[in-house]
Amino acid sequence: MKKTVLITGGNSFIAKHLKPMLLQNYNVKLLSRNPQNSNEYIWDLDDWSMDEAALDDVEYIVHLAGSKLNDGTPLTKERMKLIYDTRIGAADFLREKLKARNQKLIGFVSASAIGYYGFTDSTLEIDENGAKGIGFSADLCEDWEKSADRFKAEQVASHVSKIRVSLALGNNGGIFPMYKEMIKTNPKAAAQDNTDSFAWNHVEDMAGIFDFAVTHNLDGVYNSVAPVPASLQDVFKAISNNTAGTNYNITPYEGKHLVAHKIINAGYQFKYPTIEMTVNNLIVTA
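These numbers were taken from a predicted model, which means no experiment stands behind them. (Residues numbered from 1 in each chain as written. Predicted model: local features only at pLDDT ≥ 70, side-chain atom pairs only at ≥ 80, totals over all residues. Heavy atoms only, no water.)

### Side note on the overall build of the protein
- Assigned secondary structure in the protein consists of 8 helices and 14 strands.
- Relative to the 2.2 N^0.38 estimate, which gives 19 Å for 286 residues, the radius of gyration of the protein is 19 Å and therefore close to what a compact globule would have.
- Once the C-alpha set of the protein is aligned to its principal axes, its extents read approximately 60 × 40 × 40 Å.
- In the protein, buried positions account for 50% of the 286 residues. (Helix = DSSP H or I, 4+ residues; strand = E, 2+ residues; numbered from the N terminus. Rg over C-alpha atoms; globule rule 2.2 N^0.38 Å. Buried < 20%, exposed > 50% of the residue type's maximum accessible area, 1.4 Å probe, protein only.)

In C-alpha cells form, the structure reads like this:
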C-alpha cells in the first residue's frame, strides 16, 4: 500500500514538478489556500486554521510554503513577519497539530535557502558547513531549519532533512524566462563582463532532490545547486548560444561557489549538471 505525502505550498513552482515524481510511488495531498481538486485541502495561516483531513494517513510532509522574499515590495516589519509566519510559523503550526493527534511522521522535508550563507569562507568551494551570513535572509534560513529540526527533537518525525534551494531554472516560473527575454531584446548582454557566482539548479533537479529526500529518508541539510558552477555571464552566454546563434565559449567558473557534493554522495544523480545542458533543455522544451 502506498504511503502518503503532504505538500505545503502545493501550487508553487517546485511543487508542480515534484508532484508527478512523488505520484510514481506515493499518494499525494496538497495544502492550499484555494483547493481545486479532491486531493487538495484548505489551510489559512491568517487565522491559523486548516482542514485536518489533510493530515489523515500522512507519513511524510514536504514543506514548500512561504511568501516570496523578493516580491518587489519593501521589506517592512509586516512583510518580514509574513515571511516568517509562512515558513517557520507554518511548520510550528503543523507540528502542534500532529502532536495533538499523536501522529508520527516518517519524514519531514523542509525547504530552506542558500540565503543562509555569508560566502565569507576562505575556500572557493562552500559546502553545507559554510559560514552563516549576517542579516535577515541568513537569520530566516537558520530559524527555518530550526523549526524543521523540532520535528525530530520532539519525536514527531523520525527523519528531518533541510534542502537549501538556489534559483530554480525552468520555463514556467522563476527567473529563466526573464533572462531569455533579456538576451532576445539585447543580445549584447551576453558579452558583458559579469562573473558573479550564480547558484542555480534545473527545476527538475530541484524537485528531484526533494523527491530523493523523501524516498531515501534523508537526514540533515543539503545544498540544492547544480554540481558544475557557473557565473551569471555563463548563463547569458548559454542562452545566446541556443537562441541567437552566437557561439560564446563557456569556461569553467573558478570563483567562490556552493557545492553539491553531499547530495551526490547520498546517491542523487543530476539530470542537468551543467548550465549548457540546462539551458539547451529549456530552450528545446519551451
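### Quick look at unusual backbone geometry
- Positive phi is not limited to glycine here, since D57 has a value of about 70°.
- Inspection of the secondary structure puts D57 in the loop between β4 (49-50) and β5 (58-63).
- Here D57 falls in the exposed class, since its relative accessible area comes to 64%.
- A positive phi is found at F119, a non-glycine position, where the angle reads about 55°.

### As for helix α8 (residues 275-285)
- Along α8, the residues that are buried comprise I275, T278, V279, N281, L282 and I283.
- At its buried positions, α8 is contacted by β9 (167-169), α4 (176-185), β11 (200-202), β13 (230-231) and α6 (232-243). (Contact = heavy atoms within 4.5 Å.)

### Here we look at the packing of aromatic side chains
- Per the stated rule, a full pass over the model turns up 10 aromatic pairs.
- Put simply, the rings of Y116, Y117 and F119 pair up and form one aromatic cluster.
- Geometry around F151 places R95 over its ring, the cationic atom sitting 5.9 Å from the centre. (Phe/Tyr/Trp six-rings, centres within 6.5 Å; stacked < 30°, edge-to-face > 60°. Lys NZ or Arg CZ within 6 Å of the ring centre and 35° of its normal.)

### Considerations on the pairing of strand β8 (residues 157-165)
- Counting buried residues along β8, 7 of its 9 residues qualify, which places the element largely inside the surrounding structure.
- Judged from the 8 bridges that link them, strand β6 (residues 105-113) and β8 form a sheet pairing that is parallel. Of the residues in β8, the one forming a bridge with A113 is V165.
- Of the pairings in the sheet, the one linking β8 to strand β12 (residues 220-224) comprises 5 bridges and is parallel in character. Directly across from S161, in β12, lies its bridge partner G220. (Pairing = 2+ DSSP bridges.)

### Overview of empty space enclosed by the protein
- Counted according to the given criterion, the structure contains 2 cavities of 30 Å³ or more.
- Taken as a whole, the largest cavity spans an internal volume of roughly 80 Å³.
- In this structure, the largest cavity is lined by F119, S197, F198, A199, W200, V225, A226, P229, A230, H257 and L258.
- Contributions of two or more residues to the lining of the largest cavity are made by β10 (197-198) and β14 (257-258).
- Here the lining of the largest cavity is composed, by residue class, of 9 nonpolar, 2 polar and no charged.
- Considered as a void within the structure, the second largest cavity measures approximately 30 Å³ in volume.
- Every residue lining the second largest cavity is listed: Y60, G107, F108, V109, H159, V160, S161, A213, V214, N217 and L218.
- The set of elements that each furnish at least two residues to the lining of the second largest cavity consists of β6, β8 and α5 (203-215).
- When the residues that make up the lining of the second largest cavity are grouped by side-chain class, the tally is 7 nonpolar, 4 polar and no charged. (1 Å grid on protein atoms, 1.4 Å probe; cavity = no way out; pocket = protein on both sides within 12 Å on 5 of 7 lines; lining within 4 Å. Points joined across faces, edges and corners; volume = space filled by probe spheres on them. Nonpolar A, V, L, I, M, F, W, Y, C, P; charged D, E, K, R; others polar.)

### Some details on the nonpolar core
- One finds I7, V62, L64, F210 and I263 to be the most contacted residues of the largest nonpolar core, which totals 46 residues.
- Discounting chain neighbours no more than four positions away, the residues touching L64 are I7, T8, G9, S12, I14, A15, L18, A111 and F210.
- Among the nonpolar cores identified, the runner-up in size contains 23 residues, and F93, L94, V156 and A157 belong to it. (Core = buried A, V, L, I, M, F, W, Y, C linked by side-chain atoms within 4.5 Å.)

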